[in-house]
Amino acid sequence: MMLIEETSVPDTALPVDAFKAHLRLGSGFGTDSLQDEVLVSFLRAALAAIEARTGKALLRRVFHWSLAGWRAVDAQALPLAPVHAVSTVTIVARDGAETVIDPQRYWLERDAQRPVLRSTGAALPGVPKGGSVTLVIDAGFGAAWGQVPADLQQAVFLLAAHYYEFRHETSLSDGCMPFGVSSLIERYKSVRLGFGAVQ
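In this text, all values refer to a predicted model and were calculated from it rather than measured experimentally.

If you tally the helices and strands in the protein, you get 4 helices and 8 strands. Split into buried and exposed, the 199 residues of the protein put 40% on the buried side. Carbon together with sulfur atoms contributes 54% to the accessible area of the protein, which is approximately 11,100 Å² in total.

Spatially, β3-β7-β6 is the arrangement adopted by the 3 strands of the open sheet, whose pairing is antiparallel. Every other strand in the sheet has two partners, leaving β3 (75-77) and β6 (106-109) as the edge strands with one partner each. Averaged over all pairs of adjacent strands, the angle between their axes in this sheet comes to 20°, without regard to strand direction. Where β3 lies against strand β7 (residues 116-119), 3 bridges are found, and the strand directions are antiparallel. By the bridge assignment, A77 is partnered in β7 with V116.

It is worth spelling out helix α2 (residues 36-54) at this point. With 19 residues, α2 extends 27 Å from end C-alpha to end C-alpha; this agrees with the ideal 27 Å at 1.5 Å per step. Taken together, the buried positions of α2 are L39, V40, F42, L43, A46, L47, A49, I50, E51 and T54. Along its buried surface, α2 packs onto α1 (16-23), β2 (61-67), α3 (150-165) and α4 (179-185). With its phi angle positive at about 75°, G55 sits one or two positions after the end of α2.

Soluble globular proteins: nonpolar side chains tend toward being buried together. Counting 30 residues, the largest nonpolar core has L14, F19, L43, L47, I50, L59 and V156 as its most contacted members. Mapped onto this core, the elements with two or more residues apiece are α1, α2, α3 and α4. Residues within four places of L59 in sequence aside, it is in contact with V9, A13, L14, L47, E51, A139, G140, G142, A143, A144, W145 and V148. Counting 20 residues, the second largest nonpolar core, distinct from the first, contains F63, L78, L108 and L117.

This part is about α1. Here α1 has its buried residues at V16, F19, K20 and L23. Down the axis, α1 shows its buried residues gathered within 105° of arc, on one side only. Of the residues in α1, the exposed ones pointing more than 90 degrees away from the buried face are D17 and A21. Those residues of α1 that are buried are in contact with α2 and α3. Positive backbone phi, approximately 60°, marks R24, located one or two places after α1.

Side chains bearing opposite charge may pair, as long as their charged atoms lie close to each other. Evaluation of the coordinates by the stated rule reveals 8 salt bridges. Between D36 and K20 there is a salt bridge whose closest N-O contact spans 2.8 Å. Of this pair, D36 sits in helix α2 while K20 sits in helix α1, and the two are 16 residues apart along the sequence. K20 gets classed as buried once you look at its relative accessible area, which sits at 14%. The closest approach of N and O atoms between E109 and R118, which form a salt bridge, is 2.6 Å. Take E109: its relative accessible area is 24%, and that puts it in the partly exposed class. With a relative accessible area of 14%, R118 lands in the buried category. The network of salt bridges with common partners includes E5, E51 and R61.

Analysis parameters
- Residues numbered from 1 in each chain as written.
- Predicted model: local features only at pLDDT ≥ 70, side-chain atom pairs only at ≥ 80, totals over all residues.
- Heavy atoms only, no water.
- Helix = DSSP H or I, 4+ residues; strand = E, 2+ residues; numbered from the N terminus.
- Buried < 20%, exposed > 50% of the residue type's maximum accessible area, 1.4 Å probe, protein only.
- Areas by Shrake-Rupley, 256 points an atom, 1.4 Å probe, with all protein chains shown as cover.
- Pairing = 2+ DSSP bridges.
- Axes fitted to C-alpha atoms, helices over the stretch in contact; angles between N-to-C directions.
- Expected span 1.5 Å × (residues − 1).
- Contact = heavy atoms within 4.5 Å.
- Core = buried A, V, L, I, M, F, W, Y, C linked by side-chain atoms within 4.5 Å.
- Arc of directions from axis to C-beta.
- Salt bridge = Lys/Arg side-chain N within 4 Å of Asp/Glu carboxyl O.

Dropping the structure here:
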């Protein structure tokens, strides 16, 4: 399986000014934007880490997901949430030939934790041996930072501030998250019902 961001979060969508306020950085000295590039990099790193831990796309964008076959005959859990739409489903043969599937053959079961692509019939389109299936997914809470839930906003700020404050520390490479961040994102983590569960 491979999940790729087709569209990235633009710098203008990142809450740089709000992050500056969170860090209590000074303003009004004529050099307010000198650290913007650094702050953007920490916000992006924190955003990516929170998304990886929760399986949620915070800011809305398009993803391209490819997999070797369906987990179940008639349903496939999607790798992130919330999903607004599955734009296309394409079957790719071993020789690279592509077949775009009619949208009438599947539907999106929206779910805050684990959205599922379901067949409108008995089964999803078959994936040939040695082939794959690719989905184009529109996911995220919203295009604007204000549409992200407040607790996830705070988790991003706390983690980005942690990166900022310890940016010269070389011993913090084990990937541990500060406790405050972990507690804020806990309820957003996907709950698996068992091995191979799709809901």
